Amino acid sequence: MKIITVKYDGTFKELYSVYKKSIELNIPNAEHININLPMPENNMGRPCFCHHNHTKLEAWAEYMSGADDNIIFSDADMLALRDPVEIWDNDFDICYTARTHTNAGRSIPLNGGIIFARPTDNAREFFKLWAQTDKMMYENKEFHDKYYRKYAGMNQASLGYLLENPDLYHARVASVFTLKYNAVDCDWRYVNDETCFVHIKSLLRQKILTKQIPSGQYKEAMIRWYRIKNADSNSMF
């Protein structure tokens, strides 16, 4: 099994360092491959998150085209807590994470920070189509906006479009819940020993990088991040 990340020069230094360490500690049998890229030029005038995530997906799709092993495609701002070995008992070519809980107000149905993929022709076809769809959305703001309203993000919007149009591909697509496989904001207060990955984003990221004391809904995720970061010392920070 391989874990594939994409990181741009000068970004996510501490977050990626702790993520890499967490993989070594908690998923020692996985081969972690990071695709390090120069900061891409933004010639389309789109927001940075669109540009960066589109470029990341292109790198994922290129890697997938020659894949020969089970793969976890992962954002670089994660924390690995345990090996998700049981995921491969399920029948799929592609598996994404659906949100376990809905927040008040806007309800985003999925998060694209963790994608499981088998090295099948159908999975390769799906990734190629996903990258193509993402490119169309990147170049056509109106197309992107339509799906952004429901799915948010760049890659999530294009993934959502494919999920709503399954006649476009042959892949067997499954979903699992974020709490267990990609804990996001709606899950942080519920992180437990069954959680495989925690997504260190938004306010959780801010609290960790400013070395705040673990508290509230962020407490469990923060404690686990600090514990791995300082596994070789007695300091919380």
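Details of the structure are given in the entry above.
The text that follows walks through the structure, step by step, so that each part is easy to find. (Residues numbered from 1 in each chain as written. Predicted model: local features only at pLDDT ≥ 70, side-chain atom pairs only at ≥ 80, totals over all residues. Heavy atoms only, no water.)

For the protein chain, the helix and strand inventory stands at 8 helices and 8 strands. Overall, the protein chain is about 50 × 35 × 35 Å in size when its C-alpha atoms are taken along their principal axes. Relative to its 237 residues, the protein chain shows a buried fraction of 51%. Nonlocal contacts in the protein chain, meaning residues at least 24 apart in sequence, comprise 72% of its contacts between residues at least 6 apart. Of the roughly 11,100 Å² that the protein chain leaves accessible, carbon and sulfur atoms contribute 49%. Counting 29 positive and 30 negative side-chain charges, the protein chain places the averaged centre of each group 7 Å from the other. (Helix = DSSP H or I, 4+ residues; strand = E, 2+ residues; numbered from the N terminus. Buried < 20%, exposed > 50% of the residue type's maximum accessible area, 1.4 Å probe, protein only. Contact = heavy atoms within 4.5 Å. Areas by Shrake-Rupley, 256 points an atom, 1.4 Å probe, with all protein chains shown as cover. Lys, Arg positive; Asp, Glu negative; His and termini not counted. Charge placed at Lys NZ, Arg CZ, Asp CG, Glu CD.)

Let's shift gears to the nonpolar core. In summary, soluble globular proteins display a tendency toward joint burial of nonpolar side chains. With 38 residues, the main nonpolar core has Phe-73, Ile-115, Phe-127 and Trp-130 as its most contacted residues. In terms of residue count, helix H3 (residues 121-139) provides more of this core than any other element does, 8 residues in total. Among residues more than four places away in sequence, those in contact with Phe-127 are Trp-60, Ala-61, Met-64, Phe-73, Ile-94, Ile-115 and Ala-117. Counting 18 residues, the second largest nonpolar core, distinct from the first, contains Ala-30, Trp-88, Ile-114 and Phe-197. (Core = buried A, V, L, I, M, F, W, Y, C linked by side-chain atoms within 4.5 Å.)

Right, let's get into helix H2 (residues 48-64). In a regular helix each residue adds 1.5 Å, so 17 residues correspond to 24 Å; H2 covers 24 Å between its end C-alpha atoms and thus fits that length. Within H2, burial applies to Cys-50, His-51, His-54, Thr-55, Lys-56, Leu-57, Ala-59, Trp-60, Ala-61 and Met-64. (Expected span 1.5 Å × (residues − 1).)

Bringing the sheet that holds strand S6 (residues 110-117) into the picture now. Reading across the sheet, the 6 strands line up as S2-S1-S3-S6-S5-S7 and stay open at both edges, with mixed pairing between neighbours. Each edge of the open sheet is held by one strand with a lone partner, namely strand S2 (31-37) and strand S7 (173-177). Going from strand to strand, the sheet's axes swing by 25° on average, the running direction of each strand aside. Pairing of strand S1 (residues 2-8) with S2, which is carried by 7 bridges, proceeds in the parallel orientation. Among the inter-strand pairings, Thr-5 is bridged to a residue of S2, identified as Asn-34. (Pairing = 2+ DSSP bridges. Axes fitted to C-alpha atoms, helices over the stretch in contact; angles between N-to-C directions.)

Of the positions making up helix H4 (residues 141-151), those classed as buried are Phe-143, His-144, Tyr-147 and Tyr-151. Around the axis of H4, the buried residues are gathered within 90° of arc, so they sit on the same side. Opposite the buried face of H4, at more than 90 degrees from it, the exposed residues are Glu-142, Lys-146 and Arg-149. Contact partners of the buried residues in H4: H2, S6, H3 and helix H5 (155-163). The N-cap residue of H4 is Asn-140: its side-chain oxygen and the backbone nitrogen of Glu-142 are 3.2 Å apart. Looking one or two residues past H4, Ala-152 carries a phi angle of roughly 65°, positive in sign. (Arc of directions from axis to C-beta. Polar contact = N/O pair within 3.5 Å; in protein donor to acceptor, adjacent residues only side chain to side chain.)

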